[in-house]
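# Structural overview for review
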Amino acid sequence: MNPERIAEHIPRLRRYARALMGDAYAADDLVQDTIERAINKRHLWRPGSDLRAWLFAIMHNVFVNQLRSRRAHPEEALDEDALPAVAAADGAQLEIRDLQTALAALPPEQRAVVLLVGLEQLTYAEASEALGIPIGTVMSRLFRGRERLRATLAGASALPGLKVVK
Amino acid sequence: MKLPEDDLQAYADDRLDPERRRAVEAELAQLPENAARAAAYREQNAALHALYDPVLGEPVPERLRSVRARGRFAGHAMAAGWLAAGAVLGWFAHELAVDRPAARPSLARQAAVAHAVYSPEVRHPVEVGAAEQEHLVNWLSKRLGAKLRAPVLTKEGYELVGGRLLPGDAGAVAQFMYQDAKGKRLTLYVSRLATESRDTAFRFSQEEKVAVFYWIDGRLGYALSGELPKPELLEIATAVYRQLNP
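Residues numbered from 1 in each chain as written. Chains lettered and ligands numbered in written order. Predicted model: local features only at pLDDT ≥ 70, side-chain atom pairs only at ≥ 80, totals over all residues.

### Thoughts on the overall build of chain B
What counts here: A run of H or I in DSSP becomes a helix once it reaches four residues, and a run of E becomes a strand once it reaches two; helices and strands are each numbered from the N terminus. Exposed residues have 12 or fewer other C-beta atoms within 10 Å of their own C-beta, buried residues have 20 or more, and partly exposed residues fall in between, where C-beta atoms are placed from the backbone.
Looking only at helices and strands, one finds nine helices and six strands in chain B. The proportion of buried residues among the 246 residues of chain B is 39%.

### Points about the overall build of chain A
Scanning chain A for helices and strands turns up eight helices and zero strands. Starting at the N terminus and ending at the C terminus, chain A contains elements arranged as α-α-α-α-α-α-α-α. Going through the 166 residues of chain A one by one, you find that 43% of them count as buried.

### Observations concerning the nonpolar core
Residue and element names in this part refer to chain B. Note the threshold: To define a nonpolar core, we join buried Ala, Val, Leu, Ile, Met, Phe, Trp, Tyr and Cys residues through C-beta atoms within 7 Å and take the resulting set. Distance between backbone-placed C-beta atoms decides contact: two residues are in contact if it is within 7 Å.
Core analysis: the largest hydrophobic core is formed by 92 residues, its most contacted members being Val-212 and Leu-224. The greatest single-element share of this core, amounting to eleven residues, is contributed by strand β6 (residues 210-226). Not counting the four nearest positions on each side in its chain, Val-212 is found in contact with Ala-108, Ala-111, Ala-112, Phe-204, Ser-205, Glu-207, Ala-223, Leu-224 and Ser-225.

### A word on the pairing of strand β5 (residues 203-207) of chain B
For a regular strand, the rule is simple: side chains alternate between the two faces of the sheet. All names here are of chain B. Which entries qualify depends on this criterion: Being paired, for any two strands, means DSSP has found at least two bridges between them.
Looking at chain direction, β5 and β6 are connected through five bridges and run antiparallel. Of the residues in β6, the one forming a bridge with Glu-207 is Val-210. From the end of β5 to the start of β6, which pair antiparallel, there are two residues, and Glu-208 there has a positive phi angle of about 50 degrees.

### With respect to the environment of Arg192(B)
Residues and elements named next belong to chain B. Relative to the assigned elements, Arg-192 resides in strand β4 (residues 185-197). Spatially, the C-alpha atom of Arg-192 lies 5.9 Å from that of Arg-219, the residues being 27 residues apart in sequence. Leaving out residues up to four positions away in the same chain, Arg-192 has contacts with Leu-144, Gly-145, Ala-146, Gly-168, Ala-170, Gly-171, Ala-172, Arg-219 and Leu-220.

### Quick look at the packing of helix α2 (residues 10-21) of chain A against helix α3 (residues 24-40) of chain A
Residue and element names in this part refer to chain A. Our working definition: Convention adopted: a line fitted to C-alpha atoms gives each axis, helices being fitted over their contacting stretch, and angles between N-to-C directions are expressed from 0 to 180 degrees. Angles below 35 degrees are treated as roughly parallel, those above 145 as roughly antiparallel, those between 65 and 115 as roughly perpendicular, and all remaining angles as oblique. Note on convention: the crossing is left-handed when the near helix lies turned anticlockwise from the far helix by less than a right angle, right-handed when the turn is clockwise. Residues were grouped as follows: Ala, Val, Leu, Ile, Met, Phe, Trp, Tyr, Cys and Pro as nonpolar; Asp, Glu, Lys and Arg as charged; and all remaining residues, including Gly, as polar.
In the contact formed by α2 and α3, the axes pass within 8 Å of each other and the chain directions differ by 130 degrees. What the angle tells us is that α2 and α3 run oblique. When the axes of α2 and α3 are compared, the crossing they make is right-handed. Taking contact as the criterion, the partners of Ile-10, Leu-13, Arg-14, Ala-17, Arg-18 and Met-21 in α2 are, on α3, Ala-24, Ala-26, Ala-27, Asp-28, Leu-30, Val-31 and Thr-34. A class-by-class count of the residues in the contact of α2 with α3 yields nine nonpolar, one polar and three charged.

### Digging into the environment of Leu116(A)
Residue and element names in this part refer to chain A. Its location among the elements puts Leu-116 in helix α6 (residues 108-118). As for Leu-116 and Leu-142, which are separated by 26 residues in sequence, their C-alpha atoms are 9.8 Å apart. Setting aside residues up to four positions removed in sequence, Leu-116 forms contacts with Phe-56, Leu-122, Ala-127 and Ala-130.

### Considerations on the confidence of the model for chain B
Residue and element names in this part refer to chain B. For the record, the criterion: The predictor reports its confidence for every residue as pLDDT, a score running from 0 up to 100.
Overall, the prediction assigns chain B a mean pLDDT of 82, with 82% of residues at 70 or greater. Predicted confidence in chain B is weakest over helix α6 (residues 77-94), with a mean pLDDT of 39, and strongest over helix α1 (residues 5-12), with 95. The low-confidence segment residues 70-103, where pLDDT is below 50, has 52 contacts with residues more than four positions distant or belonging to other chains. Across the interface, the model reports ipTM at 0.80; the global pTM reads 0.57.

### Digging into helix α7 (residues 107-118) of chain B
As a reminder, the rule being used: Helix span, as expected, comes to 1.5 Å for every residue beyond the first.
Compared with the 16 Å implied by 1.5 Å per residue over twelve residues, the 17 Å span of α7(B) between its first and last C-alpha is a close match. All buried positions along α7(B) are accounted for by Leu107(B), Ala108(B), Gln110(B), Ala111(B), Ala112(B), Ala114(B) and His115(B).

### Some remarks on the packing of α2(A) against α6(A)
All names here are of chain A. Running from N to C, α2 and α6 cross one another at 145 degrees; their axes reach a closest spacing of 10 Å. Crossing angle aside, the handedness with which α2 passes α6 is right-handed. On α6, the residues touching Tyr-16, Ala-19 and Leu-20 of α2 are Arg-111, Ala-112 and Leu-115. Here the contact of α2 with α6 is composed, by residue class, of five nonpolar, no polar and one charged.

### Looking at the environment of Ala104(A)
All names here are of chain A. Along the chain, Ala-104 turns up in helix α5 (residues 94-104). Classification of Ala-104 by C-beta neighbours within 10 Å gives partly exposed; the count is 19. Residues Ala-104 and Gly-22, spaced 82 residues apart in sequence, show a C-alpha to C-alpha distance of 7.1 Å.

### Notes on unusual backbone geometry
Residues other than glycine predominantly adopt negative phi, and peptide bonds predominantly adopt the trans conformation. Phi is positive for Gln121(A), which is not a glycine, with a value near 55 degrees. Residue Gln121(A) is classed as partly exposed on the basis of its 15 C-beta neighbours within 10 Å. Here the phi dihedral of Asp14(B) falls at roughly 55 degrees; this positive angle occurs in a residue that is not glycine. By the element assignment, Asp14(B) lies in the loop between α1 and α2 (18-28).

### A look at the confidence of the model for chain A
The predicted model of chain A has a mean per-residue pLDDT of 80, with 74% of residues at 70 or higher. The model gives residues 158-166 of chain A a pLDDT under 50, and that stretch makes 17 contacts with residues more than four places away or in other chains.

Structure below.
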């Protein structure tokens with residue numbers, strides 16, 4: 001495997017990890033563990049197959065193992081640097097912080113799907129491969145995660161009126 | 001006809017082919033509850049990008065650039081140098097053309113300079129005022145060869161002052177200026193790029209006193225500049241982005 005190819009994906013791995021963990025240091029820990037494991041298992045990657053999905057799959061396994069061994073709470077202390085510090089105000093200004101908090105409140109398996117699809121823009125098939133679950137399960141977790149976010153955000157602040165799509 | 005749930009999700013994620021998308025939009029027009037959900041999901045996606053895309057622009061921390069394999073490969077010199085060398089090459093390969101460290105100033109830098117030059121102007125902050133907004137937008141659109149819009153930022157507390165035409169690297173640049181009740185100014189710099197880019201990630205740069213959020217959409221580069229704290233500017237940049245990408 002060409003080494004540059006893993007390095008190319010580091011920024012996106014960092015972005016996903018930051019959104020998943022909510023904390024910059026924990027996120028980079030996750031990325032580091034993922035890269036180590038990817039190096040150790042590089043002989044398992046089939047040339048020509050989707051490297052990005054493979055790396056996200058490794059990251060997901062590391063993440064799940066961490067959850068199991070540490071029983072980490074999703075609402076762990078947020079690194080203030082990772083999150084724009086928004087002054088308490090009304091209306092749309094709360095939206096950014098609320099999104100972070102609402103994400104953290106999602107069950108991890110829903111959060112992972114919402115982020116892989118909505119942020120990392122994996123297709124449903126790629127997400128299914130990365131998470132090792134059937135596409136149907138991807139869709140149901142996506143639905144539940146997004147609905148839960150919608151409910152949490154609607155409760156937390158007055159969202160601008162939703163447009164009816166024409 | 002019922003709207004399959006999977007289609008609603010795919011619609012929110014822009015994964016439908018144009019024909020199917022049109023069909024779904026037609027159905028959503030009759031289903032306000034579903035339409036509200038689809039709109040909410042799209043907003044969530046946009047907000048996720050606005051909040052986390054700047055991570056893509058951060059320098060990769062040292063400890064990730066020299067990761068060593070553990071266990072069987074511990075002390076295997078190849079693994080360490082392997083990734084360090086790869087990281088440098090891979091990192092630069094990932095950069096946008098406009099961000100490539102080179103003699104040419106980046107989009108963010110150009111926008112920040114233009115902001116610093118024109119925002120302090122009392123008598124001539126813009127060339128065409130907001131009173132002639134339609135003319136302003138038509139003029140700048142024609143010069144840039146692209147359909148431009150001046151976002152509406154009244155919810156965020158900013159009114160359009162007007163705009164001007166500027167020279168850029170690859171041709172004409174449009175600068176829209178906004179002002180809040182206290183006279184604080186923001187500028188939106190829209191530049192025609194030399195090459196098309198598919199990387200639309202939100203990026204951030206602090207150019208001395210001027211904070212800049214910038215992104216690329218096809219052949220146009222956008223940069224929102226202001227002497228504002230990053231979170232405040234992020235909120236407005238998100239609003240701009242959403243208006244230009246409904």
